[in-house]
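# Descriptive analysis of the structure
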Amino acid sequence: MKNDESNPLIGICVSKDDYPGLLNLLTKRLQTALDHATFIRFHLTDIDFEKLKVKAAEYKKSSNEWQEGIFPMPDVVYMQCSANRETIKRIENIIGPKVFNSFLFDKWEGWKLLKKSWSLRKHLPTTQLLENNADLIDFISKFNYCDVIVKPINGYSSEGIYRIKFQEGKNIEISSTKGLKIEKQEFKYSKEFWYLLSPKFFAGTHIIQQSIETIKAHENVSDIRLNMNKNRNGQWEVSLLLFRIATNSSVVIPKSITAYNPDKFMKSSIYEKEKMGDIEKTIINLGLKICKAFDKSEYHMADLGIDLGMDEKGHLWIFEVNPLPFPTRGSVLDYSMTKPMEYALYLASKRNI
Ligand SMILES: Nc1ncnc2c1ncn2[C@@H]1O[C@H](COP(=O)(O)OP(=O)(O)O)[C@@H](O)[C@H]1O
Ligand SMILES: [Mg+2]
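Residues numbered from 1 in each chain as written. Chains lettered and ligands numbered in written order. Predicted model: local features only at pLDDT ≥ 70, side-chain atom pairs only at ≥ 80, totals over all residues. Heavy atoms only, no water.

Once that is clear, we can look at the pattern of salt bridges. Going through the model one piece at a time under the given rule, you end up with 13 salt bridges. One salt bridge connects D223 with R244, and the closest N-O pair in it is separated by 2.8 Å. Of this pair, D223 sits in strand 15 (residues 220–230) while R244 sits in strand 16 (residues 236–246); the two residues are 21 residues apart in sequence, bridging distant segments of the chain. Each member of the pair, D223 as well as R244, carries the same accessibility label: buried. Here D295 and K230 are joined by a salt bridge, their closest N and O atoms 3.2 Å apart. In this pair, D295 is assigned in helix 9 (residues 279–296) and K230 in strand 15, connecting sequence segments 65 residues apart. Given a relative accessible area of 9%, K230 falls into the buried group. (Salt bridge = Lys/Arg side-chain N within 4 Å of Asp/Glu carboxyl O. Helix = DSSP H or I, 4+ residues; strand = E, 2+ residues; numbered from the N terminus. Buried < 20%, exposed > 50% of the residue type's maximum accessible area, 1.4 Å probe, protein only.)

Rendered as structure tokens:
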């Protein structure tokens, strides 16, 4: 059954536990969404594939409330939770290729997907999934890295990230971020060190990664946040581009940051713009290549949050790609707040092939 073309039905598929942060974000997105569409949120288990109906809650802009009801299959689905390929295919068999952000991948899956692209390889830090403690030793000895990052494949906001430095004749130095605090520990190459690391790191839940020394401003490390979205014409474009600078001596970007646009960042760092070239253009080109890698994959993505780092030579490194990015709030304008809904309307207006 086809819905009313002048008032398409846009479905946002959310997880069963209705994580409050995500619900607030969704409500915020819809407060500014265009009026000529109906927006519903639903769980995968609420789709009746026999009757082609879905039990869902409709967003009512006038009262800023959600109202439960039974709806036809949406014209477009924006995934905000994980689903297996079969379920996505099942929905696509009904509505066409109009299910987007259909792959919620972890850091290891993301890295493997990007690694397939020749042009992205030089931007990916060497990475390995840790499945047992021999993996860590192998990684360090094989690549001769003395500075590595261990991070949870499903982590966020730099929580649970450890930076391990091995220096000849010196203790092993481990730093980690806990909320706004940095914890530094030193170990002799001994049982203590292994006790800290195992077994939590070695269950396929963490990756080990070559550590990148990112360009500094005021002595503090930086990274880059690039949000990319498909727009109302179905084309990828930049929604947000920021340099983030740690407000303390953290080795990773912690919760507390200062955000700069590329121009202001280059002015505040000791690097001369002329030597680094047109940084903004280079970052966007890399972002577009990342988006293209997803377009070539079997997944339909349209809302990506990319974390990059630039080293002192101006080379860019990909730290991670977030398939469920949270728009940046505050004084900066982040168009990734509204773009997914605009793209949904674009998909709805397209005829099924
Ligand atoms: N390989 C790395 N080398 C140096 N810094 C890193 C590396 N990986 C991550 N970081 C720093 O840690 C931050 C968080 O890492 P990220 O992979 O984005 O995980 P998450 O944001 O999910 O916690 C990055 O934004 C970056 O500042
Ligand atoms: Mg990140």
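What follows covers empty space enclosed by the protein. Throughout the structure, instances matching the rule amount to 2 cavities of 30 Å³ or more. Each pocket or cavity is described by its volume, and for the largest cavity that value is around 90 Å³. As for the largest cavity, its lining consists of F105, K107, G110, W111, L114, L124, I207, Q209, I318, F319, E320 and V321. At the level of secondary structure, the elements contributing two or more residues to the lining of the largest cavity comprise helix 3 (107–115), strand 13 (206–210) and strand 19 (316–322). Across the lining of the largest cavity, the residue classes tally to 8 nonpolar, 2 polar and 2 charged. (1 Å grid on protein atoms, 1.4 Å probe; cavity = no way out; pocket = protein on both sides within 12 Å on 5 of 7 lines; lining within 4 Å. Points joined across faces, edges and corners; volume = space filled by probe spheres on them. Nonpolar A, V, L, I, M, F, W, Y, C, P; charged D, E, K, R; others polar.)

All right, on to the coordination of the magnesium ion (ligand 2) then. Geometry reference: four tetrahedral donors at a metal, ideal angle 109.5 degrees. Six octahedral donors, ideal angles 90 or 180 degrees. The magnesium ion (ligand 2) binds to the protein through D307 (OD) and E320 (OE); the donor distances cover 2.0 Å. Of this pair, D307 sits in strand 18 (residues 303–310) while E320 sits in strand 19, and the two are 13 residues apart along the sequence. (Donors = N, O, S within 2.8 Å, 3.2 Å for Na, K, Ca; no water.)

This part is about the nonpolar core. The nonpolar side chains of a soluble globular protein tend to be buried, and buried together. Residues L114, I283, I290, F294, L308, I318 and V321 are the most contacted members of the largest nonpolar core, which totals 39 residues. Contributions of two or more residues to this core are made by helix 3, strand 15, strand 16, helix 7 (262–268), helix 9, strand 18 and strand 19. A total of 7 residues in this core trace back to one element, the largest contributor, which is helix 9. Residues lining this core come from more than one domain, with at least three contributed by each of domain 2 (107–123 + 214–348) and domain 3 (127–210). Every residue in contact with L114, bar those within four places of it in the chain, is listed here: L120, L124, I290, A293, F294, I318 and V321. (Core = buried A, V, L, I, M, F, W, Y, C linked by side-chain atoms within 4.5 Å. Domains from an automatic or database assignment. Contact = heavy atoms within 4.5 Å.)

Right, let's talk about the side chain of D307 for a bit. For D307, a relative accessible area of 8% puts it in the buried group. Polar side-chain contacts of D307 include one of 3.2 Å to the side chain of R225. With near-sequence residues (within four places) excluded, D307 lies in contact with I224, R225, R244, W317, I318, F319, E320 and N322. (Polar contact = N/O pair within 3.5 Å; in protein donor to acceptor, adjacent residues only side chain to side chain.)

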